[in-house]
Amino acid sequence: MEIYQYSIFERKVILKIQRRVCETSEELLESKLFSEILKSCIKKLEKHDSPLLGIFQGLDIDDKNIERLENTLKILTKIKLDLIPKLHKEYEVFTKDRTLLYEFVEYLYNYWRDYDRFVICNSAIEKFDQRPYRTFNDTVEKLTHLIRGTYRDIQENITGKHPKIYRQVRAGSEVAGIALPKKINMPKKYADKLKDVPIIRQTLLYPPLVLNPPMNKRTGRFEPASSNPIDIVNINPGDWLCYPAKVGPLNVHIYFNRKFYELGFSLCNLFELVEDHELEKKPDAIYLYGVEQSLNGIGPCPTIFYDDKENDMLVAAVPGEDRFGYFGYLKKMVLTLHNIKMMKKGRFPFHGAMVNILLNNGKRSNIIIIGDTGAGKSETLEAFRVLADEYIRNMIIIADDMGSINIEDGKVKGYGTEIGAFLRLDDLPPGYAFGQIDRAIIMSPNLTNSRIILPVTSIENVLQGWDIDIILYANNYENIDSEHKTIEYFKDPKEALRVFREGTVMSKGTTTSEGITHSYFANIFGPPQYKDMHEALAEKYFHAFFEKNIQVGQMRTMLGVKGFEIKGPENAAKKLLGELH
C-alpha cells in the first residue's frame, strides 16, 4: 500500500504525504513512483537508442523484463552482484556487464534528480507529534538520506568497492512545505472556490536552488478588468497551493497552480509568511497565478486585476501559460496590488529601494532611490555593501524594490514590502552569486536576464517606519560630465515632479522594452491605472518633502551605459556616501 500520493507533471514530481515517507530501501524500490520513474527513464533511453540498454542483453524491453530489472535493483541493495546468478538465476542477464549496469544506475539516479521535486505535507490529518514542524523537517531529511543511501548501496554492490569520495547531493526533495486546510475569513463567493486549497505554513528549501522557468522576461503591465475573475475560474484544490504573503502591512493570498510550483515556492525568499493569527483576517488581496480558463474578454490583456469595492478586496489573475512562467509576473503583480491598496489608504507608493545607513562617523541617514526596472536601485544597494568596510558601520535594507511613504505626526516615513531581493546577475560584481549561494534561488542562469532571489532584511525592518532624509531618482542613462553631476538636488517640487513624472530609463532587457523608455513616476505598477488618485498624492507628498527639508534629487548610476554596468553604481554609491560624511 502506498504511504503517499504523488503526481508527475511537466518535469515536476510532487509527493503529498500525511504520515511518513518510505523508510527502507525495499519500500522505496517497491513504490509505484520508482516504477514509473524507471519506465520513463528507459523510454527516454530507447528514444535515443542508448547503449545503456545493453543491460537487457537483447531481451525485449517490455513490462515483464523491466520488472525483472526492478527486482534486480532491489536485490542489489542487500547483496553483491556476483551472488545474484547463484541465488537468483532469473536475474543473471543484468549481471553480465558490470560496467554498463553501473553506468545505467548512475544515469537513473541523475534522471530522477533532474526533476523539480516537491514534498507537501498536510499534518492536520494526523499530527506527527508535539513538534510537527520539526519532525516534518526530519522526515524530509530522512527521505534524502534514504534515496542517496539506496543509490550508494546498489553501486557498491555492483562494484564491490566503497567510494573514497562522497558527494552529499540533494537526492530527495528540493522544496518541501507544510500546507494545511484553513478556514479563511473571505466573502462567500471566494470561500466557495478557494476554501479547500491548502495554505502554506512552513517551507523548507535546499539552496542553492537552480530553476529554469519557461520564460526569462516580463512584458506589458497589469490592467484593471471589467469583471471579477473569481466568477469565471474553476479551482481544483489538488492542483493549487496558497502562499499567504506579508507584503508590507498587507496580507496578500497568492494562489499558484502546480504548473508554477517552482515559482510559487520561490516566494519564500521574497515575502514573509503571515502569522497564524493573521489568517483570521480577511486578505487585502487575492492573486490567482496559473488559471486554466481564458481571461479574454474581461480585461485588455491576460494579466489583470479587479477592484472589488463591495468587499474592499483586490483580485488578480494570470493564465497558466508558458509565456507567463517568469517570477516577475508573480512579484510585480503582488506589488501592483500593494501599491493600489496603499494609494487607497492615502500613502504614496514608490518603485525603489530604501536603506538605513550608519556611517563610521556615527551619522545615520535614511535614503530612498526611486527608479524603473534596471535603473540601478538594487545594484546601488549592493555597491554600498562593497564599500561597507571603508565607509559604513551598519546598513539596514528597508525596501529593495517597492515601498510606500506616509505622513505621520508631522513626519515623513518610509516603509518596505519585501524581505528579499530579485536581482539581475549580469549587473552584480563578478562572483557575487557564489558569495550568496548558500541561501540563493537562481533562475535562468544560462540566459539573458538571469536572476537571483535572496533574503536581505527582516519583516520588522520592512514595517518599522523610518524618517526619510534623502529621495533620489535613479538616472541610469546619462553620462557624468561637467554639466551632469553624479548627484544633483532639485530646487523645488515642480522641478522634482517633472523628472519623476517623466520616469526616463534605459531599458536593461529585463522586460521586452528596449532603449530609452518613459513610465509615469518610473512605476507602471498601480499609479498609471489610478492616475488621478496618484497625481493628487504626488503633489501632496512632494510639497511635504520640501517643507520637511528632505533632500530630493537624482543620482546618475550609469547602469544603462555600456561598460558601466558595475562601475557606474559603485561610483554613484561612493559619491553619495562621500556627501553623507
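Being a predicted model, the structure only gives us computed values, none of them experimental.

Draft legend 1. The overall build of the protein chain, seen in detail. Within the protein chain one finds 16 helices and 27 strands. Over its C-alpha trace the protein chain gives a radius of gyration of 27 Å, about what one expects of a compact globule, namely 25 Å for 581 residues. Along the longest, intermediate and shortest principal axes, the C-alpha atoms of the protein chain span 90 × 55 × 45 Å. Sorting the 581 residues of the protein chain into buried and exposed places 59% on the buried side. If you sum the accessible surface of the protein chain, you get close to 24500 Å²; carbon and sulfur atoms cover 47% of it. Side chains of the protein chain give 78 positive and 79 negative charges; the mean places of these two sets differ by 1 Å.

Draft legend 2. Structural context of the nonpolar core. Counting residues in each nonpolar core, the largest one holds 84 residues, and the members touching the most others are Tyr287, Ile405 and Phe545. Ranked by residues supplied to this core, first place goes to helix α9 (residues 327–344) with 10 residues. With near-sequence residues (within four places) excluded, isoleucine 405 lies in contact with Arg347, Phe348, Phe350, Ile368, Val412, Lys413, Ile468, Ile471, Tyr541 and Phe545. If you look at the next biggest cluster of nonpolar residues, it comprises 54 residues, including Leu108, Trp112, Ile154 and Ala171.

Draft legend 3. Quick peek at the packing of aromatic side chains. Tallying each qualifying case throughout the model produces 25 aromatic pairs. Here tyrosine 473 and phenylalanine 500 contribute two aromatic rings whose centre-to-centre distance is 5.5 Å and whose plane-to-plane angle is 75 degrees, an arrangement assigned as edge-to-face. Pair noted here: tyrosine 473 is in strand β23 (residues 470–475) and phenylalanine 500 is in helix α14 (residues 493–502), with a separation of 27 residues, a long-range link. Judged on exposure class, the residue tyrosine 473 and its partner phenylalanine 500 are both buried. Taken together, the ring pairs connect Phe348, Tyr473, Phe490, Phe500, Tyr520, Phe521, Tyr541, Phe542 and Phe545 into an aromatic cluster. Note that arginine 11 overlies the ring of tyrosine 115, its terminal NZ or CZ placed 3.7 Å from the centroid. Just above the ring of tyrosine 109 sits the side chain of arginine 113; from NZ or CZ to the centre is 5.4 Å.

Draft legend 4. Structural view of the environment of isoleucine 230. Tracing the chain through its elements places isoleucine 230 in the loop between β7 (223–224) and β8 (240–247). Taking the C-alpha atoms as reference points, isoleucine 230 and proline 493, separated by 263 residues in sequence, lie 42 Å from one another. Those residues in contact with isoleucine 230 that sit more than four places away from it in its chain are Lys189, Tyr190, Lys193, Leu194 and Leu288.

Draft legend 5. Representation of a negative patch on the surface within the structure. Judged by side-chain charge, Asp60, Asp62, Asp63 and Glu67 come together as a negatively charged surface patch. The residue glutamate 67 is located in helix α3 (residues 63–75) in this model. By relative accessible area, glutamate 67 is classed as partly exposed at 48%.

Draft legend 6. Representation of unusual backbone geometry. Backbone torsion omega between proline 207 and proline 208 reads 0 degrees, so that peptide bond is classified as cis. Looking at where proline 208 falls in the secondary structure, it is placed in the loop between β5 (199–205) and β6 (209–211). In this model, aspartate 49 sits at a positive phi of 50 degrees, which is unusual for a non-glycine residue. Turning to its location among the elements, aspartate 49 is positioned in the loop between α2 (32–47) and α3. Phi at methionine 558 takes a positive value of approximately 60 degrees, unusual for a residue other than glycine.

Draft legend 7. Just the side chain of aspartate 400, in detail. By the element assignment, aspartate 400 lies in the loop between β16 (392–399) and β17 (402–408). No salt bridge is formed by the buried aspartate 400. Its closest oppositely charged neighbour is lysine 331, at 4.5 Å.

Draft legend 8. A look at the sheet that holds strand β20 (residues 441–443). Across the sheet, 4 strands lie side by side as β6-β20-β21-β19; this open sheet has mixed pairing. Edge positions in the sheet fall to β6 and β19 (420–424), since each of these pairs with one other strand and no more. Each neighbouring strand pair of the sheet contributes to a mean axis angle of 20 degrees, computed without reference to strand direction. By the bridge criterion, 3 bridges tie β20 to strand β21 (residues 451–455) in an arrangement that is antiparallel. Each residue of the ladder has a partner; that of isoleucine 441, found in β21, is isoleucine 453.

Draft legend 9. Examining the pattern of salt bridges more closely. Summed over all chains, the structure comprises 25 salt bridges. The residue lysine 12 makes a salt bridge to glutamate 262 at a minimum N-O spacing of 3.3 Å. Here lysine 12 is found in strand β2 (residues 12–17), whereas its partner glutamate 262 is found in helix α8 (residues 261–265), with 250 residues between them in sequence. We classify lysine 12 as buried; its relative accessible area is 4%. One salt bridge connects lysine 344 with aspartate 307, and the closest N-O pair in it is separated by 2.9 Å. Taken together, the positions of lysine 344 in helix α9 and aspartate 307 in strand β12 (residues 304–308) put the pair 37 residues apart, joining distant regions of the chain. The class for aspartate 307 is buried, based on a relative accessible area of 15%. The network of salt bridges with common partners includes Lys331, Lys332, Asp401 and Glu418.

Conventions adopted
Residues numbered from 1 in each chain as written. Predicted model: local features only at pLDDT ≥ 70, side-chain atom pairs only at ≥ 80, totals over all residues. Heavy atoms only, no water. Helix = DSSP H or I, 4+ residues; strand = E, 2+ residues; numbered from the N terminus. Rg over C-alpha atoms; globule rule 2.2 N^0.38 Å. Buried < 20%, exposed > 50% of the residue type's maximum accessible area, 1.4 Å probe, protein only. Areas by Shrake-Rupley, 256 points an atom, 1.4 Å probe, with all protein chains shown as cover. Lys, Arg positive; Asp, Glu negative; His and termini not counted. Charge placed at Lys NZ, Arg CZ, Asp CG, Glu CD. Core = buried A, V, L, I, M, F, W, Y, C linked by side-chain atoms within 4.5 Å. Contact = heavy atoms within 4.5 Å. Phe/Tyr/Trp six-rings, centres within 6.5 Å; stacked < 30°, edge-to-face > 60°. Lys NZ or Arg CZ within 6 Å of the ring centre and 35° of its normal. Patch = residues over 30% accessible without salt bridge, like charges linked within 9 Å, V, L, I, M, F, W, Y side chains within 5 Å. Salt bridge = Lys/Arg side-chain N within 4 Å of Asp/Glu carboxyl O. Pairing = 2+ DSSP bridges. Axes fitted to C-alpha atoms, helices over the stretch in contact; angles between N-to-C directions.

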